[in-house]
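Observations on the three-dimensional arrangement
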Amino acid sequence: MSQTPDSQYTELLSTAIEARQKAYAPYSKFLVGAALLTKNGTVFTGCNVENTSYGLCICAERTAICKAVSEGHQEFEAIAVAAHPLASPCGACRQFIVEFGKKITVISVDAEDTSKSKQWTSEELIPENFKF
Ligand code: THU
């Protein structure tokens, strides 16, 4: 885990912070944005989308990944996640990210104070992840 995100991802962090504005989180009020960078340089955004049936809530990271995959992208370089306070991806999202590669860069940033961030590889976040 590293505390300073690589400078090449500064724009990706800003995109995740912007995507957070679209979050639909009337129950938890916890807004999350994500920005997923594909290996060919395309960026897909995501936000959390909650539901009155709480178990149906979907996280920002999985929204972004589903958008990318459904548009034909499966090779990912990095994903930025913005929340306040800073939050690392949940277990389900960790498994979802590592599905697409062990070396995907994952960066969490505090949406209201970008000096607070953490960076990992997808594998660091979920060692011994499930494999079929
Ligand atoms: N959430 C995310 O969007 N990503 C995570 O990695 C953790 C949690 C969302 C789900 C829910 O809408 C809210 O944050 C509170 O759990």
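A short tour of the structure in this document, coming up. (Residues numbered from 1 in each chain as written. Predicted model: local features only at pLDDT ≥ 70, side-chain atom pairs only at ≥ 80, totals over all residues. Heavy atoms only, no water.)

What follows deals with the site of the ligand. Inspection of the region around the ligand gives Ser28, Phe30, Val32, Asn48, Glu50, Cys59, Ala60, Glu61, Pro89 and Cys90 as its neighbouring residues. Between the ligand and the protein, one listed contact pairs an oxygen atom with a side-chain N or O atom of Glu61 at 2.7 Å. Look at the ligand: alone it shows 370 Å² of surface, and the protein chains cover 77% of it. With respect to the detected pockets, the ligand is housed in the largest pocket. Its residues assigned to classes, the shell around the ligand shows 6 nonpolar, 2 polar and 2 charged. (Near = heavy atom within 4 Å. Polar contact = N/O pair within 3.5 Å; in protein donor to acceptor, adjacent residues only side chain to side chain. Areas by Shrake-Rupley, 256 points an atom, 1.4 Å probe, with all protein chains shown as cover. 1 Å grid on protein atoms, 1.4 Å probe; cavity = no way out; pocket = protein on both sides within 12 Å on 5 of 7 lines; lining within 4 Å. Sits in = over half its atoms within 2 Å of the grid points. Nonpolar A, V, L, I, M, F, W, Y, C, P; charged D, E, K, R; others polar.)

Moving on, we get to helix α2 (residues 60-70). Considered for burial, the residues of α2 that qualify are Ala60, Glu61, Arg62, Thr63, Ala64, Ile65 and Ala68. If you follow the buried residues of α2, they end up packed against β1 (33-38), β2 (43-47), β3 (76-83) and α3 (91-98). Looking at the residues trailing α2, positive phi occurs at Gly72, about 95°. (Buried < 20%, exposed > 50% of the residue type's maximum accessible area, 1.4 Å probe, protein only. Helix = DSSP H or I, 4+ residues; strand = E, 2+ residues; numbered from the N terminus. Contact = heavy atoms within 4.5 Å.)

With that settled, the discussion passes to the pattern of salt bridges. A complete count under the given rule lists 2 salt bridges for this structure. The salt bridge partner of Lys103 is Glu123, with a shortest N-O separation of 3.3 Å. You can see Lys103 sitting in the loop between α3 and β4 (105-110) and its partner Glu123 sitting in helix α4 (residues 122-125), a full 20 residues away along the chain. (Salt bridge = Lys/Arg side-chain N within 4 Å of Asp/Glu carboxyl O.)

In this section: the packing of aromatic side chains. To describe a pair of aromatic rings, you give the distance between the ring centres and the angle between the ring planes. Overall, the coordinates contain 2 aromatic pairs when judged by the stated rule. Arranged with centres 5.5 Å apart and planes meeting at 45°, the rings of Tyr27 and Tyr54 form a pair that is tilted. With Tyr27 in the loop between α1 (10-19) and β1 and Tyr54 in the loop between β2 and α2, this pair connects stretches of sequence that are 27 residues apart. With relative accessibility at 36%, the residue Tyr27 sits in the partly exposed group. Judged by centre distance (5.3 Å) and plane angle (65°), the ring pair of Phe76 and Phe100 falls under edge-to-face. Pair noted here: Phe76 is in strand β3 and Phe100 is in the loop between α3 and β4, with a separation of 24 residues, a long-range link. (Phe/Tyr/Trp six-rings, centres within 6.5 Å; stacked < 30°, edge-to-face > 60°.)

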